[in-house]
Amino acid sequence: MKDTDTGGPTIYLKDYQPFGFVVRDVSLRFVLHPTATRVHSRITFAPNPDATAPRDFFLDGEDLKLIEARIDGTPVTPEVTAEGLRCDVPEGEFVWETEVEIAPDENTALEGLYMSNGMYSTQCEAQGFRKITYYPDRPDVMSVFTVRIESDLPVLLSNGNKVATGEGFAEWHDPWPKPAYLFALVAGELLNLPGSFTTRSGKEVELNVWVRKGDEDKCDFAMEALKKSMKWDEDVYGREYDLDIFNIVAVDDFNMGAMENKGLNIFNSSAVLASPETATDGNFERIEAIIAHEYFHNWTGNRITCRDWFQLCLKEGLTVFRDSQFTADMRSAPVKRIGDALDLRGRQFREDGGPLAHPVRPESFKEINNFYTATVYEKGAEVIGMLKRLVGDEAYAKALDLYFDRHDGQACTIEDWLKVFEDATGRDLSQFKLWYSQAGTPKVTMSEDWDGATYTVTLKQQVPPTPGQPEKAPQVIPFALGLLDPSGKEVQPTTLLELTEAEQSFTFKGLKNRPIPSPLRGFSAPVILDRETTNEERAFLLAHDTDPFARWEAGRQLAKSALIAMIDGGQAPDAAYLDALRQLVKDETLDPAFRALTMALPSEDDLAQTFADMGRTPDPQAIWDGREAMRGAVAEVLKDDLTLLYAANTVTEPFRPDAEQGGKRSFANVILSLMTRQDNGDAARAQYAAADNMTQQLGALSALLANDLGSLELGAFADQWQGERLVMDKWFAIQVSHARPDQAAQVASDLTERPDFTMKNPNRFRAVMGALAMNQAGFHHASGAGYKLLADWLIKLDPLNPQTTARMCSAFQTWRRYDADRQGMIREELERIAALPGLSRDTSEMVGRILE
Ligand code: 0A1
Ligand code: ZN
């Protein structure tokens, strides 16, 4: 296939060249108007002494109406194309000025300057700034920005510190050089929750959370999360905030979670607004993590940024790693680690094992927006976790200090990052670097031998072929192992084995009995472990392992093997599994959150993948039936314990969104869903009626819906919350996720007929279509109705919002694991999308890759 067959030219990492000019300073003036905003730019350019190629003055620009351009005050006539403009320029330094017109109100793609519910907002990462004015829109061009906003709206915000304000205008100056993707502007009738933070060197920083009227009672939690993040980054990484003011803004229409613009973070309202009545414990935890993530970017992303978009994991992997550390510190470290492993396996392993697989640092792309992926973010974070495990905590801290010292103010590469570790530790990281360049999840096969005195563990690794990468070399895999003796006592504490070859053996001496291994403790590497074991051994680890991850994993494997036997061989639910579960749920020494996690069955998608890994074709309906039967069996075996367990874990104190209460509520909700199978919904209805917080209200509603009950409550919920957009998103989603397989597409389709369904709001669109894609048995129902409905809507959305459309195409990425009929139907839908005239570059690239 030619490069240009799908969605335009391919950009390669190997072609990187610095820009021919440096930008000394940027001054922007915005005269805001919904359909005719004028943007005046005044930019000082000078030749870049590091430029390697002949200097070409090309500025990126899309959907701009050029009014005029000048060089050193003299009007010029540049050559303008759909991608930008080119102009002859003087030899030395010069001042470039333009005036352009843009229409924020018509911008439904939500990139560049757009309007959302009456307010102006921007999104410039990755390449949105070129929709605001002509500019070298690339992260290695950094400059100091001064911004003047003219508008009658009361709140006018941009990056940096506010330097002037008056009737109808405000001026902002950001002293820190930054790439254009970190530019931001917000204007609107907003209210703020004010706060302040004193940095460890005694500087007082003004903090604000800005929201639309009506949302001001949902900002406290975000403000507290921000303060905790600021403190944590000082304590753990020695990083202080560097401006006089830090603003957070909530916006309703946003493609992603949030954006780290310098000094002016813009958030999807779902990632910032929370009150006990409207947000679940899961929402609170996510908000805390996203606030932290965006704040941490101030150092890992903003002060040190990426040289080019291939280096995206430099800022994202590191910042996800940092926010995971933060959450582990604020909440429960084991629960966070288990959650991360679940998420990685659910999203990243899936990506890595299919047509969309790409390295943590990709080497080519057509549309960079398609590479904000679980691989770049989550696997990128795992790679840093492994690096830390390998070099140790102290060396990690030393390397990070060196990174900040050496690279502050620069646009860097993965080579710069690894060099810092090499210099700080003296370690050669050339083999480790393969984690950045080889796609695919390594499979580690473990076998053991016991000769009566010596215990030998043999590990073999194999990295599977992925698109464009048929052959792989062995990687460096930190494999944490502990050993237990048959009485359950730990005889070998966690030991880090470093697997660097295709096959390697490790021996342990001085043991009296053949030990029981506890492998891959703490999920020490993002690999698939393949080891022959028995259910007895799994039950033993579930009862005795000291490592919470390995313990949970043992329970998981036990559940999985029981489920597979049921789905596959029609066997009765495994008695050993049910027995082990019964012991565990009643073990008061265990954290309720941990018990809730252990009770959760492997997802339908996880089971489908397990079948695919066994060389079998998964049957989505059989998987759904199997999980239902298992839930029924669990409810039956626990039936005498449920009421007591529920009472013991029902929180009666005033609501606190912390890990302790949240863990109890999540466990109580799991128990409630089992009780609902036994009591025809009485307990769930009672919880619904008494609930004073969203976790309990939604938990009860979901227990009812999962058992085909709750239509009254569903109606009452809508009446109660019709004015709350974020709560109504839950209402839309919950119906689709709990719909029976043969009804899911119809339920989703009916919801799109409602007047409050709109595809212009990504949250609402995802609430319905995302939930459909997640309802595995519904989406993959043999009728093909799920595939068709999603494709119909992706076709409608693409002209408006290519980014969200492209992202949602990934629902089809696992298509090759299914039977010929399903594959045929999916192919037809993908080809229908691909054939659309004017299809966006984003969607065209995604569909092309999935079909390849
Ligand atoms: N950098 C942000 C995420 C983000 C990425 C792309 C966006 O538009 C294409 C928007 C936000 C983060 O990591 O939080
Ligand atoms: Zn990020």
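As the structure is a computational prediction, the values presented were derived from the model and not from experiment.

Cut-offs and rules
- Residues numbered from 1 in each chain as written.
- Chains lettered and ligands numbered in written order.
- Predicted model: local features only at pLDDT ≥ 70, side-chain atom pairs only at ≥ 80, totals over all residues.
- Heavy atoms only, no water.
- 1 Å grid on protein atoms, 1.4 Å probe; cavity = no way out; pocket = protein on both sides within 12 Å on 5 of 7 lines; lining within 4 Å.
- Points joined across faces, edges and corners; volume = space filled by probe spheres on them.
- Helix = DSSP H or I, 4+ residues; strand = E, 2+ residues; numbered from the N terminus.
- pLDDT = per-residue confidence, 0-100.
- Buried < 20%, exposed > 50% of the residue type's maximum accessible area, 1.4 Å probe, protein only.
- Contact = heavy atoms within 4.5 Å.
- Near = heavy atom within 4 Å.
- Polar contact = N/O pair within 3.5 Å; in protein donor to acceptor, adjacent residues only side chain to side chain.
- Areas by Shrake-Rupley, 256 points an atom, 1.4 Å probe, with all protein chains shown as cover.
- Salt bridge = Lys/Arg side-chain N within 4 Å of Asp/Glu carboxyl O.

**Regarding empty space enclosed by the protein**
Stage number 1. According to the stated counting rule, one finds 2 cavities of 30 Å³ or more in the structure shown.
Stage number 2. In this model, the largest cavity occupies a volume close to 50 Å³.
Stage number 3. Of all the secondary-structure elements, those providing two or more residues to the lining of the largest cavity are α16 (659-679) and α18 (694-706).
Stage number 4. For the lining of the largest cavity, the leading source of residues is α16, giving 3 residues.

**Notes on the confidence of the model for the protein**
Stage number 1. Counting all residues, the mean pLDDT for the protein is 98, and 99% of those residues have values of 70 or more.
Stage number 2. Across the interfaces of the predicted complex, the ipTM metric reaches 0.98, alongside a pTM of 0.98.

**Describing the environment of Phe267**
Stage number 1. Inspection of the secondary structure assignment puts Phe267 in strand β21 (residues 264-268).
Stage number 2. For Phe267, a relative accessible area of 0% puts it in the buried group.
Stage number 3. Separated by 12 residues in sequence, Phe267 and Asn255 have C-alpha atoms that sit 9.9 Å apart.
Stage number 4. The residues contacting Phe267, other than those within four sequence positions of it, are Ile248, Val249, Ala250, Val251, Gly257, Ala258, Val272, Ile290, Ile291 and Glu294.

**Remarks on the site of ligand 1**
Stage number 1. Taken together, 16 residues form the shell around ligand 1, and within it Glu125, Glu260, Glu294, Glu316 and Tyr377 come nearest.
Stage number 2. Within the side chain of Gln123, one N or O atom sits 3.4 Å away from an oxygen atom of ligand 1.
Stage number 3. Residue Ala258 places a main-chain N or O atom 3.2 Å away from an oxygen atom belonging to ligand 1.
Stage number 4. Relative to its free-state accessible area of 370 Å², ligand 1 is covered by the protein chains to the extent of 96%.
Stage number 5. Every element with two or more residues in the shell around ligand 1 is listed here: β20 (258-259), α2 (281-296) and α3 (312-330).

**Quick notes on the pattern of salt bridges**
Stage number 1. Inspection of the entire model under this criterion finds 78 salt bridges.
Stage number 2. Between Lys227 and Glu224 there is a salt bridge, and its shortest N-O distance comes to 3.6 Å. A residue pair is termed a helical-turn pair when its members lie 3 or 4 positions apart in one helix, as Lys227 and Glu224 do in helix α1 (residues 220-237) at 3 residues.
Stage number 3. Given the relative accessible area of 24%, Lys227 is considered partly exposed.
Stage number 4. The class of Glu224 is partly exposed, set by a relative accessible area of 42%.
Stage number 5. For Glu660, the salt bridge identified is with Arg656, shortest N-O distance 3.6 Å.
Stage number 6. Judged by relative accessible area, Arg656 falls into the partly exposed class, the value being 32%.

**A closer look at unusual backbone geometry**
Stage number 1. Put simply, Glu125 and Ala126 share a cis peptide bond, and its omega is -5 degrees.
Stage number 2. Relative to the elements of secondary structure, Ala126 occurs in the loop between β11 (119-123) and β12 (143-150).
Stage number 3. Positive phi is not limited to glycine here, since Asp63 has a value of about 55 degrees.
Stage number 4. In this structure, Asp63 sits in the loop between β4 (58-60) and β5 (65-71).
Stage number 5. Located in the positive-phi region is Asn117, a residue other than glycine, with phi close to 45 degrees.
Stage number 6. When you line up the elements, Asn117 lands in the loop between β10 (112-116) and β11.

**Regarding the environment of Gln687**
Stage number 1. Its location among the elements puts Gln687 in helix α17 (residues 682-690).
Stage number 2. Here the alpha-carbon distance between Gln687 and Leu672, two residues 15 residues apart in the chain, equals 8.9 Å.
Stage number 3. Discounting residues that sit within four places of it in the chain, Gln687 has contacts with Tyr646, Asn669, Leu672, Gln696, Gly699 and Ala700.
Stage number 4. In this structure the side chain of Gln687 is engaged in a polar contact, spanning 2.5 Å, whose partner is the side chain of Tyr646.

**Remarks on the environment of Val747**
Stage number 1. The residue Val747 is located in helix α21 (residues 744-752) in this model.
Stage number 2. Linking Val747 and Lys227, residues 520 residues apart in sequence, is a C-alpha distance of 42 Å.
Stage number 3. Those residues in contact with Val747 that lie beyond four places of it in its chain are Gln735, Val736 and Ala739.

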